[in-house]
Amino acid sequence: MLLAEAITKFAIEVLQMPETKNSPEMVAAITELLKISRTNSYVQL
């Protein structure tokens with residue numbers, strides 16, 4: 001669960017950066033990363 005929390009924290013920080021906000025590709029990539037993280041955390045339970 002700690003890895004999923006770290007990924008979420010990282011994603012929030014990255015999404016707040018102006019470079020990321022202005023890049024639809026980056027927003028999509030971070031969203032996919034969160035989906036993968038969430039899926040993996042459920043699998044480990």
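The following paragraphs examine the structure supplied in this document. Please read all numbers here as calculations on a predicted model, not as lab measurements.

### Considering helix H1 (residues 2-15)
The first and last C-alpha atoms of H1 sit 20 Å apart over 14 residues, in line with the 20 Å expected at 1.5 Å per residue. By the burial criterion, the buried members of H1 are Ala4, Ile7, Ala11 and Val14. End-on view of H1: buried residues confined to an arc of 90 degrees, all on one side of the axis. Those residues of H1 that are exposed and angled more than 90 degrees off the buried face are Leu2 and Lys9.

### Digging into the side chain of Ser37
Following the sequence through the fold, Ser37 ends up in helix H3 (residues 24-44). Among the residues examined, Ser37 registers a relative accessible area of 7% and is labelled buried. Residue contacts for Ser37: discarding those within four places in its chain leaves Ala4 and Ile7.

Criteria and thresholds
- Residues numbered from 1 in each chain as written.
- Predicted model: local features only at pLDDT ≥ 70, side-chain atom pairs only at ≥ 80, totals over all residues.
- Heavy atoms only, no water.
- Helix = DSSP H or I, 4+ residues; strand = E, 2+ residues; numbered from the N terminus.
- Expected span 1.5 Å × (residues − 1).
- Buried < 20%, exposed > 50% of the residue type's maximum accessible area, 1.4 Å probe, protein only.
- Arc of directions from axis to C-beta.
- Contact = heavy atoms within 4.5 Å.

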